[in-house]
Amino acid sequence: MQSDSSALLDGSDSISSETTAQCPGGPVIAILGSGDFARSLAVRLVASGFRVAVGSRNPSRICGGLFPDWVEVLSQREAVDRAEQVVFVALYPEHYHTMAGLEDGVAGKVLVDVSNAAVQNIRGRSNAERLAELFPRSKVVKGFNVISAWALQAGAHDGNRQVLICSDCSDSKAAVVQLARRLGFMPVDLGGLRAAGEIEEAPLRLFPSWDGPVLVTFLLFFFFYGYNFVRGILLPYLDHGKNNFYQLPLVAVNDTLPAVALVTLSLVYLPGVMAAVLQLGRGTKYRRFPCWLDRWLCSRKQLGLLSFLCAGLHAVYSVCLSLRQAASYRLLNAAYRQVKAGVENSWVEEQVWRSDLYLSSGILGLGVLALLAITSLPSVGDALSWREFTFVQSSLGYAALTLSVMHTLFFGWDFAFFPGAYPYYLPPLYLLALILPCTALVGRVLLALPCLASSLAKIRRGWERRHVSTRDHGSSEHV
Ligand code: NAP
């Protein structure tokens, strides 16, 4: 059976937003407060066919044109009286006291609390729970706070579409869920009002899933840059006064970026190999992975995108290397030395092949990485079947890793076999950068051996080795 509130919001379903934008005829919804959020919400509600009554402490102060023509600007008391079922509270929590005296007007109605938390990790009651205590005869629903005033006004096609909703009253929650859908958003039911604290803090979080991957990428950058600095700039200067400091802004950064890109790309594929080894060793997929591996598996998309960023920057830097002044000086000096030495043709076939091969594999690797990055966008990924998505992310991903390793190997050519490549007993940067990618590739090749691949496939279909008894259902789905 449908609740009163849901039925009420259903009443105008047949009215298209095109026609109702001119003449709303749906139920009246009240908004308390006349600030930015109230204005944007009023615009969106009117466009979706609702009539809107805005309740202000001082309606006469609100100048004409601030709200759409169809919106009534009234006192708080008049607005809640006009509301048929739903009243939005678009006030800061510290101003809830201005609603004192409205208790009778909002009794039995749905109060939608749209406020955000002021700071993160506050223990104690949420704003919505405080509102529910202030108005015990109303049904408080938390929602819409994750949508900014801008996104409300711009429309649901241009911004975040998810609206997190919770309430202890299921009928009222259902009504607000339906209302969110009619406004063009994607409601997500998070259960009872106890979840309100989490919802209120959601807009304050800054890229919550990116902190680990960004930190890893920065640490790798500082490690490789520092290594490069000590090996190629500092030690030659201290040893024989060679001044390579001009390399700091461009050459050293361009040496560092591909190493970071390669290692972060390998970090996308290593946890999958580790998870497979664990499952093979345990003979089951029903035991949880260690927490660190779980977190690592969940960070693969971010690591892949950061790898793409570094690879893209490396491509731009490499193109720019030949444009800088130092390159033209070096070219002229080399030409002069060649003329002085009487060399007419400096063509070295092997070096021509080397540079063409490493450029070609690098360009192809970057292209495949770009494809992976594009398919990781939700709008593109959603259009693919699970089979297509895993093909792109896994098979093409390994192709990108292989091409990047080839790019590095062609770059290094046979130089690593000469003692001159190890000044101060320090190996070249690209050799260090190859360790993890080669480990991931070798691991993948070994797992593809028929004896291991068939056992793994059986385990992933639910088969367990006989002596495995404890079932601790773990997160093996996303390996
Ligand atoms: P705002 O522009 O400052 O508006 C707040 C409104 O509260 C004022 O226009 C005022 O309307 C009313 N009010 C009541 N008592 C007040 C008092 N003592 N002092 C000052 N104003 C008082 O704020 P807002 O951006 O619309 O935000 C309103 C709520 O929405 C907040 O809880 C916020 O966390 C939430 N929110 C905002 C956004 C956003 O993008 N702006 C996004 C998500 C959630 P009257 O003078 O007409 O009474």
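None of the values given here were measured: they were computed from a predicted structure.

**Let's talk about the packing of aromatic side chains**
Here is step 1: If you walk through the whole model with that rule in mind, you get 15 aromatic pairs.
Here is step 2: A centroid spacing of 6.2 Å and a plane angle of 25° characterise the contact between W386 and F389, whose relative ring orientation is stacked. Of the two residues, W386 and F389 are both situated in helix α17 (residues 386–412); the distance of 3 residues between them amounts to about one turn of the helix.
Here is step 3: A relative accessible area of 25% places F389 in the partly exposed class.
Here is step 4: Each residue in the set F218, F221, F222 and Y225 is aromatic and connected to the rest through ring pairs, giving one cluster.
Here is step 5: Between the NZ or CZ atom of R354 and the centre of the ring of F411, over which it lies, the distance is 5.5 Å.

**Points about the pattern of salt bridges**
Here is step 1: For the structure on display, the rule yields 11 salt bridges.
Here is step 2: One salt bridge in this structure joins R51 and E84, with 3.6 Å as the shortest N-O distance. Of this pair, R51 sits in strand β2 (residues 51–56) while E84 sits in the loop between α4 (76–82) and β4 (86–89), and the two are 33 residues apart along the sequence.
Here is step 3: Overall, the relative accessible area of 35% leaves E84 in the partly exposed class.
Here is step 4: A network of salt bridges, in which partner residues are shared, links E103, D104 and R137.

**Comments concerning the environment of S361**
Here is step 1: Here S361 shows up in helix α15 (residues 349–375).
Here is step 2: Here S361 is in contact with L403, M406, H407 and F410, once residues within four sequence places are set aside.
Here is step 3: A polar atom in the side chain of S361 sits 3.2 Å from the backbone oxygen of Y358.

**Quick notes on the site of the ligand**
Here is step 1: In the vicinity of the ligand, 20 residues are found, and the nearest of them are S34, F37, S56, L91 and A149.
Here is step 2: A distance of 2.5 Å separates an oxygen atom of the ligand from a polar atom in the side chain of S56.
Here is step 3: In this structure, an oxygen atom belonging to the ligand sits 3.1 Å away from a main-chain N or O atom of N116.
Here is step 4: Burial of the ligand by the protein amounts to 80% of the accessible area it has alone, namely 890 Å².
Here is step 5: Class assignment of the residues belonging to the shell around the ligand gives a composition of 7 nonpolar, 10 polar and 3 charged.

**What about the sheet that holds β4?**
Here is step 1: Spatial strand order, β3-β2-β1-β4-β5-β6-β7-β8: 8 strands in an open sheet with mixed pairing. Looking at strand neighbours, the two that pair on one side only are β3 (72–75) and β8 (186–189), the edges of this open sheet. Shown here is a sheet whose adjacent strand axes are inclined to one another by a mean of 30°, direction ignored.
Here is step 2: Judged from the 5 bridges that link them, strand β1 (residues 28–32) and β2 form a sheet pairing that is parallel. Each residue of the ladder has a partner; that of V28, found in β2, is R51.

**Quick notes on α15**
Given 3.6 residues per turn, any residue in an α-helix points the same way as the ones three and four places further on.
Here is step 1: Taking 1.5 Å as the rise per residue, α15 with 27 residues should run 39 Å; its terminal C-alpha atoms sit 39 Å apart, in good agreement.
Here is step 2: Three or more residues of α15 are buried, namely R354, Y358, S361, G362, G365, V368, L369, L372, A373 and T375.
Here is step 3: Along its buried surface, α15 packs onto α11 (251–282), α13 (300–321), α16 (378–381) and α17.

**Comments concerning the pairing of β2**
Here is step 1: With 5 of 6 residues buried, β2 lies mostly within the body of the structure.
Here is step 2: Traced from β1 through helix α3 (residues 36–47) to β2, the parallel crossover comes out right-handed.
Here is step 3: Pairing of β2 with β3, which is carried by 4 bridges, proceeds in the parallel orientation. Of the residues in β3, the one forming a bridge with S56 is S75.

**Points about the nonpolar core**
Here is step 1: Counting residues in hydrophobic clusters, the biggest one holds 60 residues, and the most contacted among them are I31, L45, F88, M99 and F144.
Here is step 2: Ranked by residues supplied to this core, first place goes to α3 with 6 residues.
Here is step 3: In this structure, A311, L396, L401 and L434 belong to the second largest nonpolar core, which totals 46 residues.

**Notes on the side chain of T264**
Here is step 1: Topologically, T264 is positioned in helix α11.
Here is step 2: A distance of 2.6 Å separates a polar side-chain atom of T264 from the backbone oxygen of V260.
Here is step 3: Not counting chain neighbours up to four residues away, the residues in contact with T264 comprise T217, L220, L303 and S307.

**Comments concerning the pairing of β8**
The side chains of a regular strand alternate between both faces of the sheet.
Here is step 1: The pairing of strand β7 (residues 162–167) with β8 spans 4 bridges and is parallel. When the sheet's bridge partners are listed, L164 is paired in β8 with V188.
Here is step 2: The parallel pair β7 and β8 is bridged by helix α8 (residues 170–182), and the resulting crossover is right-handed.

**Details of the confidence of the model for the protein chain**
Here is step 1: Mean pLDDT for the protein chain: 91, with 91% of residues reaching 70 or above.
Here is step 2: Within the model, pLDDT remains below 50 along residues 1–6, and this stretch shows 12 contacts once partners closer than five positions in the same chain are excluded.
Here is step 3: Note that residues 474–478 has pLDDT below 50 and, in this model, 14 contacts with residues that lie over four places away or in other chains.

**Considerations on unusual backbone geometry**
Here is step 1: The backbone phi angle of Y424 is positive, close to 55°, even though this residue is not glycine.
Here is step 2: One can find Y424 in the loop between α17 and α18 (429–447).
Here is step 3: You can call Y424 partly exposed: its relative accessible area is 30%.

**Comments concerning the environment of G312**
Here is step 1: Along the chain, the position of G312 falls in helix α13.
Here is step 2: G312 sits in the partly exposed class, given a relative accessible area of 23%.
Here is step 3: For the pair G312 and L366, spaced 54 residues apart in the sequence, the C-alpha separation amounts to 7.1 Å.

The rules behind these values
- Each chain carries its own residue numbering, running from 1 in the direction its sequence is written.
- Confidence filtering applies because this is a predicted model: local features only for residues at pLDDT of at least 70, side-chain atom pairs given and counted only at 80 or more, and all residues used for totals across whole chains, interfaces and linings.
- Note that the side-chain values use all heavy atoms of the structure and ignore hydrogens as well as water.
- Only centres within 6.5 Å qualify two rings of Phe, Tyr or Trp (six-membered ring in Trp) as a pair; their planes then separate them into stacked at under 30 degrees, edge-to-face at over 60, and tilted for everything else.
- A helix here means a DSSP run of H or I that spans at least four residues, while a strand means a run of E at least two residues long, and both kinds are numbered starting from the N terminus.
- Each residue's exposure class comes from its accessible area (1.4 Å probe, protein chains only) as a fraction of the maximum for that residue type: buried when under 20%, exposed when over 50%, partly exposed otherwise.
- Our definition puts a charge over a ring when NZ of Lys or CZ of Arg is within 6 Å of the ring centre and also within 35 degrees of the ring normal.
- Any carboxyl oxygen of Asp or Glu within 4 Å of a side-chain nitrogen of Lys or Arg constitutes a salt bridge here.
- Note on contacts: a residue pair qualifies if any of its non-hydrogen atoms lie within 4.5 Å across the two residues.
- Any pair of N or O atoms that falls within 3.5 Å is considered a polar contact. Within protein, one atom must be able to donate a hydrogen and the other to accept it, and sequence-neighbouring residues count only if both atoms are side-chain atoms.
- Near, as used in this document, describes a residue that has one of its heavy atoms within 4 Å of the molecule or strand being considered.
- To be clear on the numbers: accessible area is Shrake-Rupley with a 1.4 Å probe, and residue cover counts the displayed protein chains and nothing else.
- For this classification, Asp, Glu, Lys and Arg are treated as charged, while Ala, Val, Leu, Ile, Met, Phe, Trp, Tyr, Cys and Pro are nonpolar and the rest, including Gly, are polar.
- Strand pairing is defined by DSSP finding a minimum of two bridges between the two strands.
- Helix axes are fitted only over the stretch in contact, all axes being lines through C-alpha atoms; the angle between N-to-C directions runs from 0 to 180 degrees.
- One less than the number of residues in a helix, times 1.5 Å, gives the span that helix is expected to have.
- When the strands point away from the viewer and the path from the first strand over the helix to the second turns clockwise, the crossover is right-handed.
- Grouping buried Ala, Val, Leu, Ile, Met, Phe, Trp, Tyr and Cys residues that are joined through side-chain atoms within 4.5 Å yields what is termed a nonpolar core.
- Confidence of the predictor at the level of single residues is given by pLDDT, which spans 0 to 100.

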